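Structure at a glance
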Amino acid sequence: MAAPSHVLPFLSPTGTASSARVSPGRRAGLLRCAAAAGQAGFFTRLGRLIKEKAKSDVEKLFSGFSKTRENLSVVDELLTYWNLADTDRVLDELEEALLVSDFGPKISFKIVDTLREEIRDGKLKSGAEIKAALKRCILQLLTSKGGNSELNLGFRKPAVIMIVGVNGGGKTTSLGKLAHRFKNEGVKVLMAAGDTFRAAARDQLEVWAERTGSEIVIDNDKKAQPPAVLSQAVKRGKREGFDVVLCDTSGRLHTNYGLMEELVSCKKVIAKALPGAPNEILLVLDGTTGLNMLQQAREFNDVVGVTGFILTKLDGTARGGCVVSVVDELGIPVKFIGVGEGVEDLQPFDAEAFVEAIFP
């Protein structure tokens, strides 16, 4: 005879399944735990799946970094006919090539000093070995300092991602492209138009919502403050079973401390509406600004605790080395990079694919 509905199977110490009579309250608790485990598994798989797309989209990465690669093509020229007597000259020119590509003085000097030491110790005996060591140094910097570049979406629905940054960096567009990636994986997305200071931003996000088939929360009375809009969105996301809530925020200069403090309020109301949220706070940085982005990153991180970067507009610049600089400086991972204008051109960041794209 089948066990009553309130009798649940469990594993005995020997590993065999048996049955135990469980109170209704205990049964409800077990079911909640099972549901939470299922949601955690869902978000773990989602984060991994989106990260894996970076490897399948590697051709877009190559085309996006063509200018950086062209800028660094001198490396092959320098190393093709390298010989021991030319070491100092070649390494000086290699250092210059890295600096021009915005790797930053600290990183450029560190890489070249490492190569010089390995050449001196007889570990590198050809141009091909030097290039392989160069790529290895950069990859190690990205992986040791940047940590895990997968999205950390927590363990319960909805996962909340807060997008921050200065005006003009591509914040709202990045949010829309991120929604497109989620929707392609069958995720139920809710957008929050938290940039209430700029009507065009709300209109732009509404276009992205329609384009991606996402729902959106906007300030209907035109007077709502950003924290109120984000709180409303997170509560709706929780109430209506959305998988992910993407929160846009008003662009602001990192030197405007009043507006920066408003981000703290946004973060607090999100946490109040859903304890543990936001799961990610992604800072959008304009790649065309090169190393100038570092001060922005420091300020935003100090105020709200940035969990990852989205580097945009890297398709139109030879400054791809700034990816390495920002990771080395702050120890925060780059999670996405913008390598073009298309909806698919917001790429999950993969350190190995990046190194191959700039040093093929």
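The structure reproduced in this document is the subject of the present report. Residue positions are given per chain, counting from 1 as you read along its sequence in written order. For this predicted model, a pLDDT threshold of at least 70 governs which residues receive local features, and a threshold of 80 or more governs which side-chain atom pairs are given and counted, while totals over whole chains, interfaces and linings are taken from all residues. Calculation of side-chain values draws on the structure's entire complement of heavy atoms; hydrogens and water are dropped beforehand.

Moving on to the overall build of the chain. We count a stretch as a helix when DSSP gives it H or I for four or more residues in a row; a strand needs E for two or more, and each element gets its number in order from the N terminus. The secondary structure content of the chain amounts to 14 helices and ten strands. In the chain, the proportion of contacts linking residues at least 24 apart, taken out of those at least 6 apart, comes to 75%. For accessible areas, the Shrake-Rupley method is used with a probe of radius 1.4 Å. Any residue's cover is judged against the shown protein chains and nothing else. Total accessible area on the chain is roughly 16400 Å²; 52% of this is exposed by carbon and sulfur atoms. Two residues form a contact once any of their heavy atoms are found within 4.5 Å.

In this section: the sheet that holds strand β5 (residues 215–217). Strands are labelled as partners when DSSP assigns at least two bridges between them. Spatially, eight strands are ordered β5-β4-β6-β3-β7-β8-β9-β10 in an open sheet, and the strand pairing comes out mixed. Two strands bound the open sheet, and with one partner strand each, they are β5 and β10 (346–348). Put simply, the sheet's adjacent strands are angled 25° from each other on average, direction ignored. Bridge count between strand β8 (residues 308–312) and strand β9 (residues 334–338): three bridges; the pairing is parallel. The residue of β9 that forms the bridge with Leu 311 is Ile 337. Every angle, taken between N-to-C directions, lies between 0 and 180 degrees, and every axis is a line fitted to C-alpha atoms, over only the stretch in contact when it is a helix. Strand contacts of helix α8 (residues 171–184): β3 (159–165), β4 (189–194), β6 (244–249), β7 (280–286), β8, β9 and β10, with the helix running at about 170° to β6, the strand carrying the most contacts.

Turning next to the pairing of β4. Burial status follows relative accessibility: with a 1.4 Å probe on protein chains alone, a residue under 20% of its type maximum counts as buried, one over 50% as exposed, and anything between as partly exposed. The buried count for β4 comes to six of six residues, which makes it a mostly enclosed element. Of the two faces of β4, the one lined by Val 189, Met 191 and Ala 193 and the one lined by Leu 190, Ala 192 and Gly 194 are each fully buried. Here β4 pairs with β6 via six bridges, running parallel. Looking at β6, one finds that Ala 192 is bridged to Cys 247. Of the strand pairs in this sheet, β4 and β5 are connected by three bridges, and their pairing is parallel. Within the sheet, the bridge partner assigned to Met 191 lies in β5 and is Ile 216.

For residues that are not glycine, phi is negative in most cases, and the peptide bond is trans in most cases. Geometrically, the link from Lys 157 to Pro 158 is a cis peptide bond, its omega value of -5° lying close to zero. Along the chain, Pro 158 turns up in the loop between α7 (127–146) and β3. Of note in this structure, Asp 102 is not a glycine but carries a positive phi near 65°. Relative to the elements of secondary structure, Asp 102 occurs in the loop between α5 (87–100) and α6 (105–120). Residue Asp 102 is classed as buried on the basis of its relative accessible area, which comes to 10%.

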